[in-house]
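Commentary on secondary and tertiary structure
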Amino acid sequence: MDHPLPTTTLDAPIFDPRAFRLTPFEADLTTRAREFGARILAPRAAKWDREAAFPIDNYRDMHAEGWLGVCIPRDEGGLGADFRAYCLAAAELGRHCGATALTWNMHVCSTLWTGLLTDDLQMDPATRAQHQSRRALHYRRILQDGAIYSQPFSEGGAAAAGAAAFGTTAKRVEGGFLVNGKKIFASLSGHAQQYGILCTDVTDGTASRRNTLYLAIPADAPGVSVAGEWDPLGMRGTVSRNLLFQDVFVPSTASLMPDGLYFQAAMRWPHMFLTLSPTYMGLAQAAFDFTLRYLRGEQPMPGSPPGEAGRGGGIPPVKRRMYPTKQIAVAEMRVMLEQTKALWFQAISEAGPDPSKDSMLRALAAQNTVMENANAIATKAVRTCGGQAMLKTLPLERIYRDSRCGSLMLPWTAELCIDRIGRDSLYERGETDE
Ligand SMILES: Cc1cc2nc3c(=O)[nH]c(=O)nc-3n(C[C@H](O)[C@H](O)[C@H](O)COP(=O)(O)OP(=O)(O)OC[C@H]3O[C@@H](n4cnc5c(N)ncnc54)[C@H](O)[C@@H]3O)c2cc1C
């Protein structure tokens, strides 16, 4: 049969620079990310998953190749990626190792939020100058020492969903803050040098979301401890254990954002919460890529190098692409993947301060779509490729488990996205049925 389309390579960019009109910077960054993911992340991904171990070797390599400073502004020593460039690069990493991409996102947000995002927000000149000198301190640690920052928000209550003030508290004392509280699912626990926590300033005795502080707590500060086991279904390399803070003193320079600015960011730059999605965009693509390779008989099978079927003692790869049922399944997966890519690309393209209501609802729809479809595509991949494809010796099984975690991520869980999209589509602000 003639091929109606020119041949594409199986590891082509998720977002073709020409088709999606990427900037030269984005095209270069995503090419580098794709190459880094294939060379460094992919060969190690099974090990972190099997051992539920933090991918520390990957972080050393990311530091060496500049990835830890991807969103640090260029004039402050980083690669200077903006929101969209970062998301596109992160999807390419997620394609190769979900746990590394997801934890890298926590780290990168500590620079994206304090950099590009805060630059868009309202501050008086003195506050801005103080913020810039403080963030320079954190950026130096990252760029020079390879310091890793994490982003533990979740507490098990309503705070991470944005419905209540954080239960972790900070009280002003001479020279800084005294922090008390607990974070759950704190990815990078025991491996990050700094925990970038959200907490409530309770110095005046009130617990309000407006008083949210974003503080960097050194992992070795007295009173900081890591607790609990980590043996989850997926994203095992994130090592998301619990963090406890008991009378932890941090100096004022620990402020990653000026007072009140996190609340302003959450209100005015809500796409900031979309940054958990690129990992899952990458996983959706990975599940699809795997299916093509597998059905074409090109997926290397353990012990059997391609083209040498069975010689290594393993199961030889088998072509399955000639069956109409497989072709239909692949078509359905491709339709879902293209829909996911199109919506997500639009949402990351329009991210910025003060989005319109439509833009905001699109961002929520994109988050919901990526998180749900990544797992739907992976699920279909398992069904279509069959039993041998779900062996732990192949990556699909890990992709399937990792992809299951996306829709649970607060504050924009799949459920909460649906909740808001429905309500905000039907009601204008302040409208009631009375
Ligand atoms: C692999 C992994 C890594 C993670 N890494 C981090 C991290 O680094 N930092 C971090 O802060 N968190 C992290 N999380 C936590 C994550 O963001 C959620 O906070 C966590 O999964 C919430 O746990 P839960 O579903 O038991 O919470 P619950 O609060 O019990 O929520 C259960 C479900 O109820 C719904 N729900 C919750 N609140 C509301 C509400 N107000 N109204 C209506 N419905 C609601 C949501 O759909 C939610 O999925 C991670 C989670 C996973 C799985």
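Scroll up to find the structure.
Predicted model only: the values in this text are computed from it and were never measured.

At a minimum axis separation of 9 Å, helix H3 (residues 83-94) and helix H4 (residues 98-119) run at an interaxial angle of 170 degrees. Of the possible angle classes, the one that applies to H3 and H4 is roughly antiparallel. As for how H3 packs across H4, the hand of that crossing is right-handed. Each of Phe83, Tyr86, Ala90, Leu93 and Gly94 in H3 lies in contact with H4, whose residues at this interface are Gly98, Ala101, Trp104, Asn105, Val108, Leu112 and Leu116. The residue makeup of the contact of H3 with H4, split by class, is 9 nonpolar, 3 polar and no charged.

The next thing to look at is the site of the ligand. Near the ligand there are 17 residues, and of these Phe153, Ser154, Phe185, Ser187 and Glu415 occur at the shortest range. A distance of 2.6 Å separates an oxygen atom of the ligand from a polar side-chain atom of Ser154. One of the side-chain nitrogen or oxygen atoms of Thr413 is found 2.9 Å away from an oxygen atom of the ligand. Within the complex, 72% of the 950 Å² of free accessible area of the ligand lies under protein. Residues of the shell around the ligand, tallied by class, amount to 10 nonpolar, 6 polar and 1 charged.

As a packed pair, helix H2 (residues 56-64) and H4 sit with axes 11 Å apart at the nearest point and diverge in direction by 55 degrees. One finds that H2 runs oblique with respect to H4. Helix-helix and strand crossings are classified by hand; for H2 and H4 the assignment is right-handed. Listed contacts from H4 to Asn58, Tyr59 and Met62 of H2 are Thr100, Thr103 and Trp104. Residues of the contact of H2 with H4, tallied by class, amount to 3 nonpolar, 3 polar and no charged.

Glancing now at unusual backbone geometry. Cis peptide bonds are those with omega within 30 degrees of zero, and the linkage from Leu410 to Pro411 qualifies with 5 degrees. Looking at the element boundaries, Pro411 is found in the loop between helix H10 (395-404) and helix H11 (414-426). One non-glycine residue, Ala52, lies in the positive phi region at around 45 degrees. Examined against the element boundaries, Ala52 turns out to sit in the loop between helix H1 (24-51) and H2. Overall, the relative accessible area of 15% leaves Ala52 in the buried class. Non-glycine residue Phe185 carries a positive phi angle of around 50 degrees.

Rules used in this analysis
- Residues numbered from 1 in each chain as written.
- Predicted model: local features only at pLDDT ≥ 70, side-chain atom pairs only at ≥ 80, totals over all residues.
- Heavy atoms only, no water.
- Axes fitted to C-alpha atoms, helices over the stretch in contact; angles between N-to-C directions.
- Helix = DSSP H or I, 4+ residues; strand = E, 2+ residues; numbered from the N terminus.
- Parallel < 35°, antiparallel > 145°, perpendicular 65-115°, else oblique.
- Left-handed = near helix turned anticlockwise from the far one by under 90°.
- Contact = heavy atoms within 4.5 Å.
- Nonpolar A, V, L, I, M, F, W, Y, C, P; charged D, E, K, R; others polar.
- Near = heavy atom within 4 Å.
- Polar contact = N/O pair within 3.5 Å; in protein donor to acceptor, adjacent residues only side chain to side chain.
- Areas by Shrake-Rupley, 256 points an atom, 1.4 Å probe, with all protein chains shown as cover.
- Buried < 20%, exposed > 50% of the residue type's maximum accessible area, 1.4 Å probe, protein only.

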